[in-house]
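Topology and contacts: notes
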Amino acid sequence: MDSYGLINQIANSKKQTPVKVTLKGKLNQNIRNVNGFFGNEDFGVLYCSLDEWERIKEKDSELIDDFVLECDRRNSAIPMADLTKYNARIEPGAIIRDFVEIGDGAVIMMGAVLNLGSVVGKGTMIDMNVVLGGRAQVGENCHIGAGAVLAGVIEPPSADPVVIEDNVLVGANAVITEGVRVGKNAVIAAGSVVLSNVEANSVYAGIPARKIKETDTKTKGKTQMIQALRNL
């Protein structure tokens, strides 16, 4: 989906503030019949919108002895993705928005953030605390190292996204700015800041990143992908 499609989804979505309320008291039928209530007349857990909870609290406040309100978003436009639709290994703590594509056998590690419109190819590993900005595209059999950032470009809509082609290794804490294309089999050294396109079969390093050599047998040995880590 291009930027205009994503912008349209955000603009026209119903903004939501879902809450979880744990409550106790003399919970009457009005409360217990609300969709999303689980419990009995003395104690229960309610999943609903903030607006619905405010109405319940105002109407039946004398019946509620105590409650705990949990809220993890406010006027959110795009929900989290349904992780069950992906044929991939996704570890706890990854944050994945809807409208994200993840290929078969990909690995998404703890703390990774995948914003809407981003794409992860088959067999690619997105390591811990990586940020894939909106519409960032990563090809097949890549490794994006821990803490790396691929800039997002939902706004302005005319900007080109980051594109990482197949079999690329991006080192830890590297930053790749909007519009950059990284060619196949390239290696980006840890901590590099990439401001312009990267040639295929090349190693780049530095701030700003510059080509330091062609990939060779030694480089391939140091950057080898391990298929066993991608087995489901």
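Let me begin by describing the structure that accompanies this report. Everything numeric here is computed off the predicted structure, so don't read it as measured data.

Here the focus is the pairing of strand 3 (residues 43-49). In terms of strand pairing, strand 1 (residues 18-25) meets strand 3 through seven bridges, oriented antiparallel. Residue Pro18 lies in a different strand from strand 3, and its bridge partner there is Ser49. Hairpin connection, strand 2 (residues 37-39) to strand 3: the antiparallel pair is bridged by three residues.

With that settled, consider the sheet that holds strand 13 (residues 137-138). An order of 7-10-13-16-19 is seen for the five strands of this open sheet, with the pairing classed as parallel. Each end of this open sheet is capped by a strand with a single partner; those strands are strand 7 (101-102) and strand 19 (181-182).

Throughout the structure, instances matching the rule amount to zero disulfides. In this structure Cys48 is a free cysteine whose sulfur lies 11 Å from that of Cys71, the closest cysteine sulfur available. The buried category is assigned to Cys48, whose relative accessible area is 9%.

Summarising the element assignment, Arg230 is placed in the segment after helix 4 (217-222). Asp127 is the oppositely charged side chain nearest to the buried, salt-bridge-free Arg230, at an N-O distance of 8.4 Å.

The next point concerns the packing of aromatic side chains. Under the definition given, this model contains two aromatic pairs. Note on Phe38 and Tyr47: the rings are 6.1 Å apart at their centroids and 75° apart in plane angle, and the pair reads as edge-to-face. On the basis of relative accessibility, which here comes to 43%, the residue Tyr47 falls in the partly exposed class. Each ring, one from Trp53 and one from Phe67, has its centre 5.0 Å from the other, and the planes form 65°; the classification is edge-to-face. Of the two residues, Trp53 is situated in helix 3 (residues 50-59) and Phe67 in strand 4 (residues 64-70); the sequence distance between them amounts to 14 residues. Taking the relative accessible area as the measure of exposure, Trp53 reaches 1% and is therefore buried. The class for Phe67 is partly exposed, based on a relative accessible area of 31%.

Cut-offs used in this document
- Residues numbered from 1 in each chain as written.
- Predicted model: local features only at pLDDT ≥ 70, side-chain atom pairs only at ≥ 80, totals over all residues.
- Heavy atoms only, no water.
- Pairing = 2+ DSSP bridges.
- Helix = DSSP H or I, 4+ residues; strand = E, 2+ residues; numbered from the N terminus.
- Disulfide = S-S within 2.5 Å.
- Buried < 20%, exposed > 50% of the residue type's maximum accessible area, 1.4 Å probe, protein only.
- Lys, Arg positive; Asp, Glu negative; His and termini not counted.
- Salt bridge = Lys/Arg side-chain N within 4 Å of Asp/Glu carboxyl O.
- Phe/Tyr/Trp six-rings, centres within 6.5 Å; stacked < 30°, edge-to-face > 60°.

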